[in-house]
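# Structural description and commentary
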Amino acid sequence: MSTDPIARLSNASLANLKASVIRPAYNRAATSVGVLHFGPGAFHRGHQAVYFDQMLSHDPSLAISAVSLHSDAVRQALAPQDGLYSLIEREAEPTVRVIGSVREILTAPRSAEAVLTRLADPALRFVTATVTEKGYCLTPDGQLDLDHPLVIEDLSGKGPKQTLPGWLFEGLRRRQRAGLNGLPVISCDNLSGNGDGLGASMVAYAKAAGDIDLAQWISDEVRFPNTMVDSITPATDESLRAVAAECLGVIDAWPIQRERFTQWVVADQLSEADSETFQSAGVTLTGDVAAFERAKLRLLNGAHSTLAYVGLAMGYESVSQAMADPRLAAFIERMMRQDIIPSLNATRGLDLEVYVGQILERFRNPAIVHKLSQIACDGSQKLPVRLLETIAQALAKGRPIHRLVVGVAAWMHFIRRQSQASTPIIDPMWQRLTELSLACTGEPAPDVGAFLTLESVFVQQLAANTHLRSALETAYGHMRDGQWDLALPM
Ligand code: CS2
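Residues numbered from 1 in each chain as written. Predicted model: local features only at pLDDT ≥ 70, side-chain atom pairs only at ≥ 80, totals over all residues. Heavy atoms only, no water.

## Structural notes on the site of the ligand
Residues in contact with the ligand, as listed here, are Asn190, Asp230, Ser231, Lys296, Leu300, Asn301, His304, His370, Ile375, Lys382 and Arg386. One of the side-chain nitrogen or oxygen atoms of Lys296 is found 2.5 Å away from an oxygen atom of the ligand. When the free accessible area of the ligand is taken as 340 Å², the share hidden by the protein chains comes to 90%. For the shell around the ligand, the elements supplying multiple residues, two or more each, are helix H12 (289-313) and helix H17 (379-397). Top contributing element to the shell around the ligand by residue count: H12, with 4 residues. Taken together, the residues of the shell around the ligand sort by class into 2 nonpolar, 5 polar and 4 charged. Two domains each provide a minimum of three residues to the shell around the ligand, namely domain 1 (14-287) and domain 2 (290-484). (Near = heavy atom within 4 Å. Polar contact = N/O pair within 3.5 Å; in protein donor to acceptor, adjacent residues only side chain to side chain. Areas by Shrake-Rupley, 256 points an atom, 1.4 Å probe, with all protein chains shown as cover. Helix = DSSP H or I, 4+ residues; strand = E, 2+ residues; numbered from the N terminus. Nonpolar A, V, L, I, M, F, W, Y, C, P; charged D, E, K, R; others polar. Domains from an automatic or database assignment.)

Right under this line is the structure:
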C-alpha cells in the first residue's frame, strides 16, 4: 500500500492499493479503444463504464474514449490518474473497485479533431451517450428541435459542434465518406424510446444539413437500440473523496458512489459476438425494452421526482430521509401500485408488484445519501416522461389522477420558492420558469394556469384538460397551506 499521502490513483499506484480493493481483472496495457462515450458524468462512470470494465476481460478492444461535450472537469480530474477512478458501492457491506475501462479523455471543444478522428476510427465498435434529457435538444413530442439555438448554431457549420446530434452528424459523415460501416449508437439516458428518438433526430439533422445521402445512410447503416439504464448514483462530494482515500490508500480526485443494484437493458439488435460480450457483463438483451423502460421511468423516476419536490417542501434532504416519513412513504407506495402499475405492461423477467417492492427498498437504503436537490434538477425535462405521460393515460382511461398530480403541483411550488428566494433554478428553462414564477402569488388558479402555459412541458391536450387543472389547483392549494394530510391523498 502506498504510504505517500499525496500519491494519486494511477497505473503506477494500482499495484500498491490496499488488498481489499478490487482491481481491473485484465491487462489495461493490452486494451484498445472500441467505445466512444459522450457525457462521462457520474452516471456513465458508475454504470456503462463498469459494464465495459467487465466486458474487457472478455474483449480487450472495448476500452472507452470519454468525450465531454462542454466541461473540462472530467479530463482535469482523470487524466493524471490514467483514466482510473474508484467505484464505491454504498451498502451495508460496501465494496471498492478501481475501474480501468476509460483509456482516453477528451473535452470536445478543445479536441474537436481528436473526437472526429476517433468517431471515424475503423476500430470503433460502439458510440454510447449519457448527456441527460436536455442534451438531445428535443421538442415536447420527442422530435429534434430545429429551432433550438445550439442546433441552429451547429447547423450553421461555424465553430466546433455543441450538441450530441452535431457531433454525431460530423462523425457519421466521416465514416460514410471513408467507406466505413455504421455502428450501434446507444443512448443511455432516461428517455422514452431513447434509441428511436436519437435515430430519428440524426436523420432529421442530416436532412436539415442538406445531406440527404447521409440521412439515408444513417437510416440504413446505423442502429440506435433502445435501452433502459438503472443504478442510483448520488453525486460525488468531499466526504466520498475522503472515504475513497481511506479505502484506497491514495487520492482519487473523482470517485463514484452508487448502490449495488445496477441494470442495463438493451434492445436485441447487436451482432451475435457483441451480444455474447454484453451478456457476459450482465446486460439484458430483449425484444421488449419498452416494457422495462416505461416501468423504470414511471415507477422509479416518477416516484423519485415526486419524492424530491414533496420531500423538499416538507423539509427533507435525502430520499431515505423522506422515505422515513410514514405518511409520505405510504403515499408514494400507493401511487406506484394503484396509479402507475395500471399504466404499464409486464413482460418476461418483469413482475411489476415485485419491482415496486424492490424500488422502495432501494429508496430506503440508509447507506445511500441521495440528495432530493439533485433529483429536483431539470424538472421541465423530466416531468413529461416521468409523470405527465402517466397522467395523460389515466385521463384517457378514466383512472384517478389525484395522487399523480401531487409531484407536478409540488414542482410548481418548488420553482416558485426557488425564484422568490432568488435561488438559482437548475433547469434549461430557468429563465422562463423564473419570469413565470416571480409573478405567482400562491393562489392556486392563477399560479397553476401560468405553469400550464409552458408548452414544452404540458402538451396542449393536457394544458386544456379541466380535470387536470382542477386536480392540480387542489393539490397546489393544500401544499401552499402545508396541509400535508390533505396534500398526500391516500
Ligand atoms: C434520478 C435518476 O436524478 C434523478 O433524476 O431520478 O438519476 C435516478 O437516480 C436514476 O434514473 C436511477 O437509475
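## Remarks on empty space enclosed by the protein
Within this structure, the stated rule accounts for 2 cavities of 30 Å³ or more. Lining the largest cavity are Ile232, Glu259, Val319, Ser320, Arg362, Phe363, Asn365, Ile368 and His370. Broken down by secondary-structure element, the contributors of at least two residues to the lining of the largest cavity are helix H13 (319-323) and helix H15 (352-363). The class makeup of the residues in the lining of the largest cavity is 4 nonpolar, 3 polar and 2 charged. Looking at the lining of the second largest cavity, the elements that each hand over two or more residues are strand S8 (227-230) and H12. A breakdown of the residues in the lining of the second largest cavity according to their chemical character gives 4 nonpolar, 3 polar and 3 charged. Residues from two domains meet in the lining of the second largest cavity; each of domain 1 (14-287) and domain 2 (290-484) gives at least three. (1 Å grid on protein atoms, 1.4 Å probe; cavity = no way out; pocket = protein on both sides within 12 Å on 5 of 7 lines; lining within 4 Å. Points joined across faces, edges and corners; volume = space filled by probe spheres on them.)

## Concerning the layout of surface pockets
The space that makes up the second largest pocket amounts to roughly 170 Å³. Within the lining of the second largest pocket, the residues separate by chemical class into 5 nonpolar, 4 polar and 3 charged. Two domains each donate at least three residues to the lining of the second largest pocket, and these are domain 1 (14-287) and domain 2 (290-484).

## Some words on the domain arrangement of the protein chain
With domains assigned, the protein chain is organised as domain 1 (14-287) and domain 2 (290-484). Between the C-alpha centres of domain 1 and domain 2 the distance comes to 28 Å. Each partner contributes to the interface: domain 1 provides 27 residues, whereas domain 2 provides 27 residues. In total, about 2,100 Å² of surface goes out of reach between domain 1 and domain 2, with carbon and sulfur atoms giving 55% of it. Where domain 1 touches domain 2, the interface holds 4 salt bridges. Across the pair Lys134 and Asp378 runs a salt bridge, and its minimum N-O distance is 2.6 Å. Counting across the domain 1 and domain 2 interface gives 10 residue pairs in polar contact (both at pLDDT 80 or more). At the level of secondary structure, the elements contributing two or more residues to the side of domain 1 that touches domain 2 comprise S8 and strand S10 (263-267). In terms of residues, the side of domain 1 that touches domain 2 owes the most to one element, S8, which gives 4 residues. (Contact = heavy atoms within 4.5 Å. Buried area = accessible area lost by both parts, 1.4 Å probe. Salt bridge = Lys/Arg side-chain N within 4 Å of Asp/Glu carboxyl O.)

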